[in-house]
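# Inside the fold
Listed below are the residues making up each chain.
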Amino acid sequence: MQTARFFVGSLCLSILQYSPSVAQTVDNADQLSVTLRAEHVLQATKLIGPAPNIDGVLSDVMWTEADTSTPFVQLVPRPGDPSTFPTGVQVVYDRNAVYVAMRLFDSAPDSVTTRLTRRDVWSETSDWAHVYLASYGDRRTAFRFSVNPSGVKLDAIHHGDTQEDSGWDAVWDVGVRRDSIGWTAEFRIPLSQLRFASSARGEELRWGLNFGRFIARFGERSYWSPIPADAARFVSAFGTLTGLVGLSAPGRLEVQPYVLSRLTRAPGVVENPFHRVNAGTATFGADIRYGVTSDFTLNLAVNPDFGQVEADPSEVNLSAFESFFREKRPFFLEGTDLFRVTFPMWPPLVHSRRIGRRPRGRLPSDARFVDRPDASSILVASKLTGKTSGGLSIGVMNAITQRESARYLGDGGVISSVPVEPSASFTAARVTKDFREGQSAVGIIATATNRGSLDDFLGSLHKAAYVGGVDWRHRFGAGIYETSGSLVASKVRGDSGAIALTQRAPGRRFQRSDATHLEFDPTRTSLAGNQAAVRLAKIGGGHWRWQINGTYVSPGFEVNDLGFQNGSDRVGFDSRIGFVQFEPSGPFRRWQLDISHSSGWTSAGEQRYRWLQLFGNGQLKNHWRINFGVDRTFAGFSTEALRGGPGLREPGYVSSWLGLTTDPRQSVNFNVWAFGMRFDEDAGHRLNVEPRLTLRPSDRADVSVATGVTWFTTETQYIGTFEAGGAAEYVFGRLRQKTVSLTTRLNYTFNPNLSLQLYAQPFSSVGRYDRYKAVLDPSARRIDDRFDVLGEAVRPLDDGLSYAVDKDADGVDEITFRDPDFDFRQLRSNVVLRWEFRPGSTLFAVWSQNRGAVLPTSPFDLDGTNIFLLKFSYWLAR
């Protein structure tokens, strides 16, 4: 072992002697062996004299005097082996910034790969250098600063030891240079972008520290302080940066004012008094970041605008539940980790898409033309976030939206106004305390939504909604095992109409006639509920992993005012066991195989679902990736299928999927994902195929084209509930649906600060109904006994838009319903030019277009709504 260590050290020393800068501080093998000791400690050097020129040329005097550390250890593909090439790292500092030099050696410098992309875009086709500074000292949180040989910057916060928040953006500088022995990266990281406690006079600060390197052509990830492959550890495995003396946390005030000009060009009709072919607006606002203390930061957004954010994808949703769309707005993305409970991660108690959502108030029935806002305006949003060196994390967020009204032209030809969204205040607060160097933690969370005056048209909204809970996490057995859980309670208040709607809402359905454990009360003005969850898992130590989970959600639990929830009245048990192979084996670089089970009931013991699943993934030695799975779901009891009627037995199904991705490092990359499902009792099937082709014609351009095609057939698609002979009739039909989309993305990067992105998605979904049927016995085991096929009792009406049903053939129609067929076409696109003309200051030029119609017409034949936007922001700091 000692011989091997001496050989590696001598090899690194011989290579370093050819470096013009960082190698000069390593005088002999004995000095180099110090850097190989288990503690992984690096001494920072205090800067005396002028600061370096951040250009990637490591010729400044400071780099010839600072301590150097070189050994890097692989995590992928061969955990524990030395990195293929040595890397030299150095750290110096002054009272304003930390400076880092990385010399990344390569025996074939012409093979160093790189790509030009916009900021914060990770690319496996490029080499990368990473600096990790864990200045909090809690062994769970770190700031990451990354760069590739083209100078593309990427930054993120690592939290919870192993989680990452890429929504965080800092203002820092880096220079890179390629040469005959590899490449170099020179960082300047302002202390104002870090969080740390000031040191007393003469006291030395000790920060967590790590460096990382990614060599694209080998797919190799290596670290200065090794990351164990068989443990759920990352930040806690960092080394230590010493020698930081006399540092004071700087005062931090950053102001980023913006001005925005928007021009909307939309089609319309002459009779519409609200229509203008060209409508222009101008707005302004500001983002402010202030360091309240050395540990806590206040972020403030005044009149924020997110016009540069990409639109949500198109869809046709035929279920009773709303779709979940992820947050894309930068202000709300940053720090989202602070508002998540440890377990379960879903449903989220804080879903910031609720803030500034589309107004939901009803309009009068005689409204012919409407001028309605697309979103509720956010007047101001603020966040206070931070973490002390003692492990106390605090996150507080508040946002205030203004009252919104819609103008409309009624039948009398009079223009009137009606409120469609009240003013509202949204607040979320989270406090977490770490123990045992972050191995254990206890947290509390609270959210509050309070709305202003609720007029008649807003009676469906809660006046107030509150959520509060506690969660915990505890690792034991040398960090191999973890238990976690949470207890959460909710309460909503409003008038009787609003609470009645909540009781009847999808996922709750208190009005179910067969639910003896539920009671619908139309006089209630509040509703309360709770949720409990617990998890025990083996998260590290060897190749085997397992976990068991239990959850309970009471019928009255409701968090949708600020969170996201699609159901209640649930009891669930889940388990999983898996094997992870970290090292190359056979044709694989690494692979994983898991078996899982899940069962769910209502709180009255009604079996909602039960399934078994086998799934796996792996990376081949040629860097291709594969993932696959098979699922067997058994027949269950749906509390939702009849939209408030009794529970309905639904057939089980078998599903499987397969995904294949070619080598992502190549200039041509192809991946395909296929999913198939077949229902029991010949009740339908589904086939989904999504191929994607990515082309990289140069190191600064890439084009991807993804096609999605879905064929879906079900014999039991809900159409509606109708009153017939004093009883409810639930009508279903066979749906045959075909959905096609083509998503195109083009990215061109002129330089690391100037980029152009194009996104376009034509979308089409066509559905045809037949074989209409009514529910006969919802709990029958056979589908033929559950439904009564209506057959010739259904006939089209003369208007061509509706059907009538005469079940008993007496010439009197018991039911009429609209033709449920649909044909939806849409085209969404946008083009974004982003220029960061100085650190933290940006100019956006955006063109977005939306064309859509519910008829068999190509969206290319329709006049679209075009929005042109210019947004200028300027970063100021003190």
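For the structure, check the block above.
Analysis parameters
Residues numbered from 1 in each chain as written. Predicted model: local features only at pLDDT ≥ 70, side-chain atom pairs only at ≥ 80, totals over all residues. Heavy atoms only, no water. Helix = DSSP H or I, 4+ residues; strand = E, 2+ residues; numbered from the N terminus. Pairing = 2+ DSSP bridges. Axes fitted to C-alpha atoms, helices over the stretch in contact; angles between N-to-C directions. Buried < 20%, exposed > 50% of the residue type's maximum accessible area, 1.4 Å probe, protein only. Contact = heavy atoms within 4.5 Å. Salt bridge = Lys/Arg side-chain N within 4 Å of Asp/Glu carboxyl O. Core = buried A, V, L, I, M, F, W, Y, C linked by side-chain atoms within 4.5 Å. Polar contact = N/O pair within 3.5 Å; in protein donor to acceptor, adjacent residues only side chain to side chain. Patch = residues over 30% accessible without salt bridge, like charges linked within 9 Å, V, L, I, M, F, W, Y side chains within 5 Å. Areas by Shrake-Rupley, 256 points an atom, 1.4 Å probe, with all protein chains shown as cover.

Turning our attention to unusual backbone geometry. Trans peptide bonds make up the majority, and among non-glycine residues the majority have a negative phi. Looking along the chain, the bond that leaves Val76 and enters Pro77 is cis, with omega of 5°. Tracing the chain through its elements places Pro77 in the loop between strand E3 (73-76) and strand E4 (87-93). Despite not being glycine, Ala478 shows a phi value in the positive range, around 60°. The residue Glu681 is not glycine, and still its phi comes out positive at about 60°.

Here we take up the sheet that holds strand E42 (residues 794-796). The strand order across the open sheet formed by three strands is E42-E43-E44, and the pairing between neighbours is antiparallel. Looking at the sheet topology across the chains shown, the edges are occupied by E42 and strand E44 (815-818). Averaged over all adjacent pairs, the angle separating strand axes in this sheet is 25°, with direction ignored. Pairing analysis gives three bridges linking E42 to strand E43 (residues 802-805), with the strands arranged antiparallel. Of the residues in E43, the one forming a bridge with Arg795 is Ala804.

With respect to the helices, strands and loops of the structure, Lys538 is situated in strand E27 (residues 526-538). When its relative accessible area of 11% is taken as the criterion, Lys538 is described as buried. Through-space distance from the C-alpha of Lys538 to that of Leu363 is 54 Å; in sequence the pair is 175 residues apart. Apart from residues no more than four positions distant in its own chain, Lys538 is found in contact with Ile480, Tyr481, Trp544, Arg545 and Trp546.

Next up on the list: the pattern of salt bridges. What the rule picks out here adds up to 46 salt bridges. Salt-bridge contacts for Asp770 lead to Arg734; the nearest nitrogen and oxygen are separated by 2.7 Å. Here Asp770 is found in strand E40 (residues 754-775), whereas its partner Arg734 is found in strand E39 (residues 727-751), with 36 residues between them in sequence. Across the pair, exposure class does not vary: Asp770 and Arg734 are buried alike. When salt bridges with common partners are traced through the structure, they connect Arg119, Asp120, Asp155, Arg834 and Glu836 into a single cluster.

So, about the pairing of strand E36 (residues 668-679). Bridge analysis of strand E35 (residues 653-661) against E36 gives nine bridges, and the strand direction is antiparallel. Bridged to Tyr653 within E36 is Phe679. In sequence, E35 turns back onto E36 through a hairpin of six residues. Here E36 pairs with strand E37 (residues 684-698) via 11 bridges, running antiparallel. Residue pairing for E37: Asn669 is matched across the bridge by Thr694. Where E36 hands over to E37, the hairpin turn is made up of four residues, of which Glu681 adopts a positive phi near 60°.

This part takes up the sheet that holds strand E10 (residues 173-179). Here five strands make up an open sheet; going across it, the order is E2-E4-E5-E11-E10 and the pairing mixed. A strand with exactly one partner marks an edge of an open sheet, and here the two such strands are strand E2 (45-46) and E10. Bridge count between E10 and strand E11 (residues 182-190): seven bridges; the pairing is antiparallel. Considered in E11, the bridge of Asp173 is made with Arg188.

This part is about the nonpolar core. Residues Met102, Leu133, Phe145, Phe187, Leu194, Trp207 and Phe211 are the most contacted members of the largest nonpolar core, which totals 39 residues. Elements with a minimum of two residues in this core: E4, strand E5 (97-105), strand E6 (128-134), strand E7 (142-147), E10, E11, strand E12 (204-215) and strand E14 (239-245). Non-local contacts of Trp207, meaning those with residues more than four positions away in its chain, are made with Val98, Ala134, Ser135, Leu191, Leu194, Phe196, Gly239, Thr240, Leu241, Leu244 and Leu247. Formed by 31 residues, the second largest nonpolar core is a distinct cluster that contains Tyr718, Phe732, Leu735 and Val794.

For the rest of this paragraph, the subject is the side chain of Asn560. With respect to the helices, strands and loops of the structure, Asn560 is situated in the loop between strand E28 (544-553) and strand E29 (570-581). The class of Asn560 is buried, set by a relative accessible area of 17%. At 2.9 Å, the side chain of Asn560 forms a polar contact with the side chain of Arg354. Reaching out from Asn560, the side chain makes a polar contact with the backbone nitrogen of Gln565 at a distance of 2.8 Å. Look past the residues within four positions of Asn560 in its chain and what remains in contact with it is Glu322, Arg354, Arg357 and Gln565.

All right, on to the side chain of Gln581 then. Counting through the fold element by element, Gln581 comes out in strand E29. Exposure remark for Gln581: the relative accessible area of 13% places this residue in the buried category. Of note is the side chain of Gln581, whose polar atom sits 3.2 Å from the backbone oxygen of Glu583.

This next bit is on a nonpolar patch on the surface. Judged by side-chain polarity, Leu746, Tyr748, Phe750, Leu758 and Leu833 come together as a nonpolar surface patch covering roughly 370 Å² of accessible area. The element contributing the most residues to the nonpolar patch is E39, with three residues. Position of Tyr748 among the secondary structure elements: in strand E39. Looking at Tyr748, the relative accessible area reads 30%, which means it is partly exposed.

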